[in-house]
Every structure is written in C-alpha cells, then in structure tokens.
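# A structural walkthrough
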Amino acid sequence: EDKVVQSPLSLVVHEGDTVTLNCSYEVTNFRSLLWYKQEKKAPTFLFMLTSSGIEKKSGRLSSILDKKELFSILNITATQTGDSAIYLCAVEQNAGNNRKLIWGLGTSLAVNP
Amino acid sequence: EAGVAQSPRYKIIEKRQSVAFWCNPISGHATLYWYQQILGQGPKLLIQFQNNGVVDDSQLPKDRFSAERLKGVDSTLKIQPAKLEDSAVYLCASSFEGGLAGGTQYFGPGTRLLVL
C-alpha cells in the first residue's frame, strides 16, 4: 500500500532554533514530492522536488530529496513565530493517464517567542 | 493572478440536511480537485476533474456526495444527506498540466462544514 509518513507529528521550539522535518515514502510510480505549509487556512505550496540531491531553497526554508532512501527533509533555520503551522508532505504518483497526490498526516510546528 | 475561490467559507447544518460548495479554479487550470480534510489529518482526495471529465472519484462516497464541473471551469460539490462525520474542511485545488509546474496544486481557502 502506498504511504507517506511524516515525523515528528508535532514539535515545539523557540524562536531562532533550526528545525528539520522528515518525510519518508513508499509510493509506486513516483513522480515528485511536494511540501506545503498549512496555517489556519488551506495548504500553500512550498517546494516540488523531483531529483535526488538537489536542494531547493526559499529564504530560511530549504528541502532536499533522496530517491534512493525514499525520504525528504524540510529545514527551517532561524525560526520565527510566523513559521508556526502544519507542514504537509505529499508524493505525486503517476497513475495511468492521471496523477495522484498521496498525503502524509503533517508535522505540527509551534515556534514560541 | 487570482487564486482559487471557494464559497461559502463556513457552513453549519443539521444532519440529514443538504449542502453545496462552490469552487472557481485559477484561470487556465484544467485540473480541479476536491479534498476533505478532517482535523488532524492530511487532505483526502474526493474527486479529480480534467476539464469537465472525472478522472478519479474512487474515494467519493457516491451514495451521498456528488460533484460536477459542467463547463470545465467552476465546480460544485454536494452532500445529500449530511452525516455528523462529514464535519471537515472541504478544500478545492487546481493545477495546470504542463511545464515545470506540472501537477503542482494550488488550494482555495476551504469551506469549513459543521454538521450538528
């Protein structure tokens, strides 16, 4: 059965800390892995990763994919209270003529001042 | 570029009542998705449209849920009759098939449904 597992499920840190969120997957017909940030509203897109070893970076956030070991990490440096959110990992699967997203349960991050 | 629009933002109904949600995707996006997200869980795909055709509705409870996208643009999702366990956030997303962006999905603000 295809699955995406995120860890930890929740995390509490202080402002300025660096955090690493993990996403491991077992998905057939892998196409890409995506990271989303979800605050009180709908998920907002962060990164799409398709190739191993190539880091994607946006400000204090960065992410990398390992297709051999089937995982990805999302790093946030110098965390701020505005980083508090649920971070969702999803794997895009080729399914015939269709593509399907398989979602993890998310990591709930709380950044305290 | 305008984002995905959804309405209403909140809805409270009693069980066995009917409810409908509306979604307008980003202009030019051929693919539209409806998700159900229960508190503490990731989104669960209910139905995926490519233009006005259904490509995946395997997780849609068809005895009570229906969706349409008649002109290949906006879409409605209906629940009739609602059950307590339908209380969730209903998310609409759209994607542009093609280019580097590929199937990256962009989400609307969601409709929070509470069934009493």
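Preceding block: the structure.
Let me sum up the structure you'll find in this document. (Residues numbered from 1 in each chain as written. Chains lettered and ligands numbered in written order. Predicted model: local features only at pLDDT ≥ 70, side-chain atom pairs only at ≥ 80, totals over all residues. Heavy atoms only, no water.)

### So, the environment of Phe107(B)
Applicable threshold: Under the DSSP-based scheme used, a helix requires at least four consecutive residues in state H or I and a strand at least two consecutive residues in state E, with every element numbered from the N terminus. For the exposure calls, accessible area comes from a 1.4 Å probe over protein chains only, and a residue counts as buried if that area is under 20% of its type's maximum, exposed if over 50%, partly exposed in between. It only takes one pair of heavy atoms within 4.5 Å for two residues to be counted as in contact.
By secondary structure assignment, the location of Phe107(B) is in strand E10 (residues 106-107). Of the residues examined, Phe107(B) reaches a relative accessible area of 12% and is grouped as buried. As a C-alpha pair, Phe107(B) and Glu14(B) span 93 residues in sequence and 27 Å in three-dimensional space. Among all residues touching Phe107(B), those that are not within four sequence positions of it are Tyr36(A), Ala42(A), Pro43(A), Trp103(A), Val4(B), Tyr35(B), Leu91(B), Cys92(B) and Ala93(B).

### Focus: the packing of aromatic side chains
The cut-off we apply is this: Between rings of Phe, Tyr and Trp, where Trp is taken as its six-membered ring, a pair exists when centres lie within 6.5 Å; planes separated by under 30 degrees are stacked, by over 60 edge-to-face, and by other angles tilted.
If you walk through the whole model with that rule in mind, you get eleven aromatic pairs over all chains. Arranged with centres 5.9 Å apart and planes meeting at 75°, the rings of Tyr36(A) and Phe45(A) form a pair that is edge-to-face. Judged by its relative accessible area of 0%, Tyr36(A) falls in the buried class. With 5.5 Å between their ring centres and 90° between their planes, Tyr36(A) and Phe107(B) make a pair best called edge-to-face. Placement of the pair is Tyr36(A) in strand E4 (residues 30-38) and Phe107(B) in strand E10, with the two residues belonging to separate chains. Cluster of aromatic residues (ring-pair linked, three or more members): Tyr36(A), Phe45(A), Trp103(A), Tyr33(B), Tyr35(B), Tyr106(B) and Phe107(B).

### Structural notes on the environment of Val27(A)
Residue and element names in this part refer to chain A. Secondary-structure assignment places Val27 in the loop between strand E3 (19-26) and E4. On the basis of relative accessible area, Val27 is assigned to the buried category, the value being 13%. For Val27 and Asp83, which are 56 residues apart along the polypeptide, the C-alpha to C-alpha distance reads 29 Å. With residues near it in sequence (within four places) discarded, Val27 still touches Asp2, Lys3, Val4, Val91, Gln93 and Ile102.

### Comments concerning the pattern of salt bridges
Stated formally: By definition here, a salt bridge exists when the distance from a side-chain nitrogen of Lys or Arg to a carboxyl oxygen of Asp or Glu is within 4 Å.
Inspection of every chain in the model, using the stated rule, returns five salt bridges over all chains. Between Glu92(A) and Arg31(A) there is a salt bridge, with the nearest N and O atoms lying 3.6 Å from each other. On the criterion of sequence distance, the pair formed by Glu92(A) in strand E9 (residues 85-95) and Arg31(A) in strand E4 is long-range, its members being 61 residues apart. Among the salt bridges present, the one from Asp86(B) reaches Arg64(B), with a minimum N-O distance of 2.5 Å. Here Arg64(B) lies in the loop between strand E6 (53-56) and strand E7 (65-68) and Asp86(B) lies in the loop between strand E8 (75-79) and strand E9 (88-95), a separation of 22 residues in the sequence. Across the pair, exposure class does not vary: Asp86(B) and Arg64(B) are buried alike.

Geometric descriptors of this kind do not, in isolation, establish any biological role.
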